[in-house]
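Chain residues, written in single-letter form:
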Amino acid sequence: MLALVMLINRAGSMVLPFLGVYMTAHLHFSIENSGIVLSFFGIGSVLGSWLGGLITDKIGEYGVQSLSLLLSVPLFCMIPLFKTEVGLASIILIQSIVSETFRPANSVAITKYARPENITRAFSLNRMAVNLGFSIGPALGGILSAISYEFLFFTNALAALLAGLMYIRFFGKRNKLATLKSRKVKEAVVIKKENSPYRDGKFLLYSFICMLFSICFFQLFSTLTIFYKDTAHLSQQNIGYILGYSGFLIVLLEMGFVQIAEKYFSLALTLFLGTVLCGISYAMLAFDYSILTLVVSMTLLCIGEIWTLPFMSTITALRSGENNKGAYMGLNGISVALAFIITPYVGTMTADKLGFNTLWIGTGILGICIAVAFYFVIPWMLKKR
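Model, not experiment: these values are computed from the prediction. (Residues numbered from 1 in each chain as written. Predicted model: local features only at pLDDT ≥ 70, side-chain atom pairs only at ≥ 80, totals over all residues. Heavy atoms only, no water.)

If you tally the helices and strands in the chain, you get 16 helices and 0 strands. Here the chain, with 385 residues, has 51% of them falling under the buried criterion. Carbon and sulfur atoms make up 70% of the accessible area of the chain, which totals about 18000 Å². (Helix = DSSP H or I, 4+ residues; strand = E, 2+ residues; numbered from the N terminus. Buried < 20%, exposed > 50% of the residue type's maximum accessible area, 1.4 Å probe, protein only. Areas by Shrake-Rupley, 256 points an atom, 1.4 Å probe, with all protein chains shown as cover.)

Here it is, written out as structure tokens:
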């Protein structure tokens, strides 16, 4: 049910891919100003991840997820009312903060309801829902935006409302039972005060490495599509096919590949292999960009993603304590959200000044360095766990 709520929520996140077009074509903003407004979504993601982690530990994941989903409804409806750059940047910042508080709370809910031996598969199932939602959302968004941009925003609000009502209906009673059970345990056991993740040096280093990985990986959403268009000379339709293939492949392979990793690899080796595959997938584009190479590259990127992103959440859950999971999930979410701000600027600037070949080879080399860092930092961080 957590994954189903996430699927409906992310399928409803159809506004983001079309905000740039909405601003340039409908509101007649300049491309530069549109980019600045969009950067406020990334800033909101960082603040939302921090805030979500903070308040989840205080009021619980149920309250945070319910409020995030329900407050998103009026905010989506308000977006069409703002016609200036400052006004739109403000409402996007607020909406992004509210929406992104959902993520750390949702991660804590997974650790609460999944059995310990299934935790990585639970995170994988949730990621499959996210990927499937992002596959459905842009397709629906394209149809709806062709009718009316206002219709697009209101449909997004409807999806958030549906996800919120489903979540409250299913988890309301279950949350009360889990809270009572937790309270009884706390009364029977003396609770040890747990450290903040912001004072956990080992975890801060791990989150920094996660940010570097995310900066490399999230070129999928920025510079890679520009490379497909300008250098590989793919049509927009063919770019859509390759991106659709990646979403389909992850949904098809994720659970099986996660089980292989859990059975045969350590956590450190899993992230090492996943990061190396992501680095190779980008580096090979410097030497050839035939359609076969592009498909092989995307396949390696998908397998690398499967062996990295869900396990990053598992490692975060293992490092945290019983009463500060939200703060840990929030900090790790911030490291990923920062990449959404950094990647478009660094990637496009490197490609513009030094060329795509330098960007892809540099990404491959950095990917291998990150893989080695993961391999040594993870056992050092989790040795007592």
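Take the environment of Leu-252 next. One can find Leu-252 in helix H11 (residues 236-264). Sequence separation of Leu-252 and Met-128 is 124 residues, and the distance between their C-alpha atoms is 9.0 Å.

What follows is about the nonpolar core. Core analysis: the largest hydrophobic core is formed by 54 residues, its most contacted members being Tyr-206, Leu-224, Tyr-228, Trp-360 and Phe-374. Looking at this core, the elements with two or more residues in it are helix H9 (201-217), helix H10 (223-230), H11, helix H12 (267-283), helix H13 (291-306), helix H14 (309-319), helix H15 (325-354) and helix H16 (356-382). In contact with Leu-224, other than residues within four places in its own chain, are Gln-219, Tyr-282, Leu-285, Met-298 and Trp-360. In this structure, Ala-3, Leu-7, Phe-123 and Ala-129 belong to the second largest nonpolar core, which totals 23 residues. (Core = buried A, V, L, I, M, F, W, Y, C linked by side-chain atoms within 4.5 Å. Contact = heavy atoms within 4.5 Å.)

Moving on, we come to the environment of Ser-45. Within the element layout of this structure, Ser-45 appears in helix H3 (residues 31-59). Judged by relative accessible area, which is 4%, Ser-45 ranks as buried. Along the primary structure Ser-45 and Ser-99 are separated by 54 residues, whereas in three dimensions their C-alpha atoms are 8.0 Å apart. The contacts of Ser-45, once residues within four sequence positions are left out, are Ser-96, Glu-100 and Ala-337.

Taken as a whole, this structure holds 5 salt bridges when the rule is applied. Across the salt bridge formed by Glu-117 and Arg-115, the nearest N and O atoms sit 3.1 Å from each other. Residues Glu-262 and Arg-121 are paired through a salt bridge, measuring 2.9 Å at the closest nitrogen-oxygen approach. Of this pair, Glu-262 sits in helix H11 while Arg-121 sits in helix H7 (residues 119-147), and the two are 141 residues apart along the sequence. The partly exposed category is assigned to Glu-262, whose relative accessible area is 28%. (Salt bridge = Lys/Arg side-chain N within 4 Å of Asp/Glu carboxyl O.)

Looking now at H10. Listed as buried for H10 are Thr-223, Leu-224, Phe-227 and Tyr-228. Down the axis, H10 shows its buried residues gathered within 145° of arc, on one side only. (Arc of directions from axis to C-beta.)

A positive phi angle, close to 60°, is found at His-28, a residue other than glycine. Tracing the sequence through the fold places His-28 in the loop between helix H2 (16-26) and H3. On the accessibility criterion, His-28 (63% relative accessible area) is exposed. For His-233, which is not glycine, the phi torsion reads 55° and is therefore positive. Considering the arrangement of structural elements, one finds His-233 in the loop between H10 and H11.

A word on the packing of H14 against H16. Packing of H14 against H16 brings their axes to within 10 Å, and their N-to-C directions diverge by 25°. By the angle between their directions, the pair H14 and H16 is classed as roughly parallel. Considering only the axes of H14 and H16, their crossing is left-handed. Listed contacts from H16 to Ile-315, Leu-318 and Arg-319 of H14 are Ile-378, Met-381 and Leu-382. (Axes fitted to C-alpha atoms, helices over the stretch in contact; angles between N-to-C directions. Parallel < 35°, antiparallel > 145°, perpendicular 65-115°, else oblique. Left-handed = near helix turned anticlockwise from the far one by under 90°.)

With that settled, the discussion passes to the packing of aromatic side chains. Counted according to the given criterion, the structure contains 19 aromatic pairs. Ring geometry for Phe-217 versus Phe-218: centroids 5.4 Å apart, planes at 65°, classification edge-to-face. Neither residue differs from the other here; Phe-217 and Phe-218 are each classed as buried. For the pair Phe-272 and Tyr-375, a centre-to-centre distance of 5.6 Å together with 65° between the ring planes defines the contact as edge-to-face. Remark: Tyr-375 occurs in helix H16 and Phe-272 occurs in helix H12; sequence separation between them is 103 residues. Judged by its relative accessible area of 37%, Tyr-375 falls in the partly exposed class. (Phe/Tyr/Trp six-rings, centres within 6.5 Å; stacked < 30°, edge-to-face > 60°.)

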